[in-house]
Amino acid sequence: MSQERRITAVLGPTNTGKTHYAIERMLGYRTGVIGLPLRLLAREVYDRIVAARGPSVVALVTGEERIVPPRAQYWVATVEAMPEALGADFVAIDEIQLCADPERGHVFTDRLLRARGTHETLFLGSDTMRSTIAELVPDAQFLRRERMSTLSYSGSRKISRMQPRSAIVGFSVDNVYAIAELIRRQKGGAAVVMGALSPRTRNAQVALYQNGDVDYLVATDAIGMGLNLDIDHVAFASTTKFDGRRMRTLAPNELAQIAGRAGRGMSHGTFGVTGEAPPLDDGVAEAIMEHRFTPVRKLNWRNPALQFGTVEALIRSLEEGSDDELLIKAREADDLRALKTLAADAEARARASDGASVRLLWDVCRIPDFRGISHAEHAQMIGQIFGYLHQIGKVPDDWLARQVKRLDRTEGDIDTLSKRLAFIRTWTYVAQRKSWVSDENHWREETRAVEDRLSDALHERLTQRFVDRRTSVLLRRLKQKEALLAEVNDKGEVTVEGEFVGRLEGFRFIADKEASGQEAKTLKSASLQALAPQFHLRADRFYNAPDTEIDFTEQGGLMWGEHAVGKMVPGDDPLKPGISVFVDDEAGADVAQKVQRRLQHFVDRKIAALFEPLLNLSRDEELSGLARGFAFRMVEGLGIIPRGEVAAEVKDLDQDARGALRKHGIRFGQFTIFMPLLLKPAPTRLRLVLWSLAQGLQEFPEAPPPGLVTVPSGTSLPRGYHAMAGYRAAGERAIRIDMLERLADMLRAEDSRGGFEAKADMLSITGMTLEQFADLMQGLGYAAEKGERAKVKAVAEAPAAEAEAADAPAEADAAAGEAAAEAEAAEVADAAPAAEAETAVEAPAADAGDAEVSEETPAEPEVEVYYTFKWAGRQGGNRNAQRRGGNQSAPAGRRNDTKGGDKPRGKGGKPKGKGPRRDNGPKQFQARPPKKEKAIDPDNPFAAALMGLKGKD
């Protein structure tokens with residue numbers, strides 16, 4: 001054969017540069033055509049030639065895409081769409097071994113036998129085709145190309161242990177998706193490549209892999225057809241596939257075509273199996289490594305000499321066999337099945353009445369079934385298209401617009417978008433056929449735009465589902481050992497290299513909760529490495545922050561703004577707690593120490609400010625003897641001690657010692673010894689925390705709401721809680737200790753032996769109903785006798801002076817020297833709420849319904865409930881409080897310095913009403929030895945008045 005018309009078969013394994021060689025040869029001529037097995041590969045080659053020669057001279061023709069510039073010189077096409085009769089100087093067919101493919105083999109065989117360039121023809125493919133080509137194309141020359149790198153078998157490997165830059169191959173969509181999902185969870189993500197993807201989606205997915213955003217590729221056998229990727233290892237998740245009719249095991253040469261994608265250029269590659277795929281037989285693995293395969297001896301063939309006289313003649317010509325033993329009749333393809341179906345349709349058969357209409361019918365039947373729907377539905381659709389083309393010569397614009405518009409939607413999941421893409425490919429194919437639509441350019445652009453939008457949406461969904469971009473980015477940067485850039489916004493959200501990874505709460509990093517497994521480990525590793533400078537900056541800012549930005553919780557936690565940065569822990573002294581900080585180990589010891597020092601300063605200053613009176617008491621060097629010992633007890637009790645617990649010590653204190661203690665604000669109350677300044681809400685809140693720490697409680701009880709005189713006494717509260725909260729439990733409720741002392745002053749004036757009723761001012765300062773007050777009094781050691789009587793209507797309003805007296809503290813016991821302490825308690829106590837109920841002597845407003853009363857029938861008297869209170873002594877007590885397990889204040893009260901327990905004392909310290917009842921005859925008196933009076937405290941503000949009174953005596 002002359003040099004101008006030579007035919008060459010360039011054969012060899014993968015990674016030999018055959019396609020590159022063909023492109024270089026084609027560009028050496030003025031015109032050329034190259035046929036490729038996949039639309040994806042055609043687009044890749046088209047882009048390469050455009051980069052070399054420019055878009056004005058390069059055409060791309062596939063079933064769904066047609067780019068043909070006016071001065072096209074080089075044509076890139078799928079094998080099925082290769083233009084014929086161009087008379088190009090150069091023609092090349094890639095992957096010529098597909099002549100043996102059951103589905104598409106007859107098309108490749110036709111190109112092998114009939115496609116020729118005027119100067120040069122190249123057939124590119126596997127060595128298995130050598131003998132067959134030699135017999136069918138005797139003039140062909142052969143050029144052997146060796147693989148540029150070695151390919152070796154590495155056996156079976158788990159996906160979790162798969163090396164980076166690997167491709168995992170599955171042979172079904174479901175299998176590909178499952179593998180990609182597994183890799184996303186374990187490795188950060190994978191790109192997905194399938195033959196059904198549009199070039200735009202495929203290129204976007206490949207870009208993820210090629211750019212290093214992901215290190216893994218999950219694909220079908222589409223990657224075996226010439227796609228050039230940087231793959232180091234190919235792993236087969238299965239070695240069987242469905243070929244359209246049955247499940248079959250892949251032949252060694254088919255496995256080699258895919259495995260050969262591992263290793264590119266001079267880089268060596270490996271292949272193996274993974275998942276449920278069994279290990280390859282030694283013989284198969286060796287054959288793949290040495291590129292030794294059984295030669296292809298049978299090629300699929302279909303008669304190219306078609307008869308278009310009638311439909312029957314066309315079908316007969318398509319089914320005609322070959323006399324050559326190397327050529328076997330191809331199985332019935334989709335186009336032939338569609339033709340037979342329409343031939344049985346009366347309307348379609350009637351329309352196909354001449355050669356032109358039969359040829360048109362055959363062209364319509366060649367529309368691929370991209371949708372993969374049933375054969376009947378596909379035949380129905382192409383029958384409708386044939387009807388329009390035969391009747392009006394065009395596919396109606398309005399009908400085509402409805403079909404396209406129905407698909408122009410980007411919402412939905414991966415499967416939905418994939419189906420829409422398959423459907424739009426049908427209309428893209430229709431728009432590419434010459435003279436099938438009225439405005440070819442418009443419909444090509446329209447269908448291409450819809451395909452692009454669907455492709456972009458599909459790429460986005462694939463990436464969202466199968467790629468954890470942040471993990472991929474962080475893994476790559478960690479692998480490259482580059483410094484990671486972390487940013488923390490004002491909400492504490494942490495981004496590393498622009499990817500959200502979690503939150504910085506104080507000095508602890510909280511990783512994104514959506515991450516798990518390997519992803520979570522990667523996030524934490526990368527984040528803590530990047531956050532190291534942020535920890536130091538934040539520690540400096542915290543150390544210089546004002547105390548107003550720091551606070552403590554009722555559980556002992558220490559907060560900086562809304563984030564916990566530490567907690568108080570028990571120390572050697574209740575007023576000197578320790579600090580435990582919440583700082584990640586990765587932040588370093590310097591950061592932890594700085595946070596610890598700042599929190600210790602805050603706690604120390606807070607205690608010094610809120611417990612200043614108590615600290616001054618502890619530091620008073622002038623106190624001595626019993627006063628100093630009692631001061632120690634007060635400090636130990638954090639400023640509050642039930643009187644019953646220190647009855648003996650109080651009794652032993654002389655007036656000088658009491659005066660020295662009163663200078664520090666200590667009030668000697670009837671029920672409690674306390675410092676009124678420490679009853680304010682802020683000291684109370686802190687005192688409960690310090691007390692809970694000292695008691696070793698696991699859960700700290702909270703302080704009562706500020707401003708309440710009484711609160712429910714509660715259940716299961718730790719012993720001593722009520723006193724530390726500034727309350728005393730009595731019955732079902734607990735009363736604030738300063739208000740209890742005011743109540744005690746009122747009770748001194750009552751006849752507790754003979755019995756008395758509650759006054760309005762008693763109910764007023766406690767804010768209780770009569771029934772609640774009765775329960776309180778019983779808790780304090782009184783017996784409450786309930787009775788009923790006719791209600792007396794009030795004649796006149798109580799004088800204003802009486803209302804004022806209800807809020808004023810009772811006159812202090814002068815002999816006991818308690819007047820000054822009572823005045824100080826009144827200053828700090830919150831105003832007592834108004835009484836919640838009527839007293840026994842108040843008359844309710846008349847009901848409007850009682851305005852008219854019959855003169856003949858006298859109205860029944862109203863009945864009111866009242867209580868008579870008598871001192872019960874030791875038999876009373878606060879038994880309810882004991883049963884509830886709360887503060888055992890009542891038993892402590894019964895350990896008072898008087899035998900009568902906590903009963904209010906009259907003048908001279910004697911129990912009120914000790915003589916006979918008033919209705920039992922004249923009062924009797926009994927002389928007693930004179931009692932030695934205690935010296936009057938010179939620091940008492942009432943000392944002068946007391947001296948004056950004694951002088952009068």
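Now for a quick tour of the structure. (Residues numbered from 1 in each chain as written. Predicted model: local features only at pLDDT ≥ 70, side-chain atom pairs only at ≥ 80, totals over all residues. Heavy atoms only, no water.)

### Regarding the sheet that holds strand E6 (residues 90-93)
Line of reasoning, step 1. One open sheet accounts for 8 strands, arranged E4-E3-E5-E2-E6-E7-E1-E8; its pairing is mixed. Each of the sheet's edge strands pairs with one partner strand only, and the pair in question is strand E4 (66-67) and strand E8 (141-144).
Line of reasoning, step 2. Examined bridge by bridge, strand E2 (residues 32-36) and E6 share 4 bridges and lie parallel to one another. Pairing of Ile34 across the sheet is with Ala92, part of E6.
Line of reasoning, step 3. Here helix H1 (residues 18-27) sits on the sheet and contacts strand E1 (6-11), E2, strand E5 (74-78), E6, strand E7 (120-125) and E8; the angle it forms with E7, its principal contact strand, is near 170 degrees. (Pairing = 2+ DSSP bridges. Helix = DSSP H or I, 4+ residues; strand = E, 2+ residues; numbered from the N terminus. Contact = heavy atoms within 4.5 Å. Axes fitted to C-alpha atoms, helices over the stretch in contact; angles between N-to-C directions.)

### Notes on the pattern of salt bridges
Line of reasoning, step 1. Across all of its chains, the model carries 49 salt bridges by this definition.
Line of reasoning, step 2. Here Arg104 and Glu80 are joined by a salt bridge, their closest N and O atoms 2.8 Å apart. Taken together, the residues span a long stretch of sequence, with Arg104 in the loop between E6 and helix H3 (105-114) and Glu80 in the loop between E5 and E6 at a distance of 24 residues.
Line of reasoning, step 3. Between Arg337 and Glu332 there is a salt bridge, and its shortest N-O distance comes to 3.9 Å.
Line of reasoning, step 4. Counted as one network, the salt bridges with shared partners bring together Arg43, Asp47, Glu65, Arg200, Arg448, Asp452 and Asp456. (Salt bridge = Lys/Arg side-chain N within 4 Å of Asp/Glu carboxyl O.)

### Some details on the sheet that holds strand E24 (residues 557-560)
Line of reasoning, step 1. Strands sit in the order E23-E24-E25-E26 across an open sheet of 4 strands; the sheet is antiparallel. This sheet does not close on itself; its edge strands, each paired only once, are strand E23 (550-552) and strand E26 (576-581). Strand-to-strand twist in this sheet, taken as the mean axis angle between neighbours without regard to direction, amounts to 30 degrees.
Line of reasoning, step 2. By the bridge criterion, 4 bridges tie E24 to strand E25 (residues 563-573) in an arrangement that is antiparallel. Bridged to Trp560 within E25 is His563.
Line of reasoning, step 3. The strands touched by helix H19 (residues 589-610) are E23, E24, E25 and E26; relative to E26, the strand with the most contacts, the crossing angle is about 150 degrees.

### So, the packing of aromatic side chains
Line of reasoning, step 1. Counted by the stated rule, this structure contains 15 aromatic pairs.
Line of reasoning, step 2. Arranged with centres 4.9 Å apart and planes meeting at 55 degrees, the rings of Phe542 and Trp560 form a pair that is tilted. Residue Phe542 is found in helix H18 (residues 517-543), and its partner Trp560 is found in strand E24; the two are separated by 18 residues along the sequence.
Line of reasoning, step 3. Given a relative accessible area of 0%, Phe542 falls into the buried group. (Phe/Tyr/Trp six-rings, centres within 6.5 Å; stacked < 30°, edge-to-face > 60°. Buried < 20%, exposed > 50% of the residue type's maximum accessible area, 1.4 Å probe, protein only.)

### Let's talk about the pairing of strand E20 (residues 493-496)
Line of reasoning, step 1. Of the two faces of E20, only one is covered, namely that formed by Val494 and Val496; the face formed by Glu493 and Thr495 stays uncovered.
Line of reasoning, step 2. Sheet topology note: the E20/strand E21 (residues 499-505) ladder contains 4 bridges and is antiparallel. When the bridges of E21 are listed, Val496 appears paired with Glu499.

### Observations regarding the nonpolar core
Line of reasoning, step 1. Core analysis: the biggest nonpolar cluster contains 72 residues, and Phe507, Leu575, Phe611, Leu617, Phe630 and Leu661 have the highest contact counts within it.
Line of reasoning, step 2. If sequence neighbours within four positions are ignored, Leu575 has contacts with Ile607, Phe611, Leu614, Leu615, Val635, Leu638 and Leu690.
Line of reasoning, step 3. Within the second largest apolar cluster, 64 residues are counted, among which are Leu360, Val364, Phe370 and Leu389. (Core = buried A, V, L, I, M, F, W, Y, C linked by side-chain atoms within 4.5 Å.)

### Describing the packing of helix H10 (residues 334-343) against helix H13 (residues 375-392)
Line of reasoning, step 1. Two numbers describe how H10 lies on H13: the axes approach to 10 Å, and their chain directions differ by 70 degrees. In terms of orientation, H10 and H13 fall into the roughly perpendicular class. Of the two possible hands of crossing, H10 and H13 adopt the one that is right-handed. From H10, Arg337, Ala338, Thr341 and Leu342 reach across to H13, where they touch His375, Ala379, Ile382 and Gly383.
Line of reasoning, step 2. By residue class, the composition of the contact of H10 with H13 is 4 nonpolar, 3 polar and 1 charged. (Parallel < 35°, antiparallel > 145°, perpendicular 65-115°, else oblique. Left-handed = near helix turned anticlockwise from the far one by under 90°. Nonpolar A, V, L, I, M, F, W, Y, C, P; charged D, E, K, R; others polar.)

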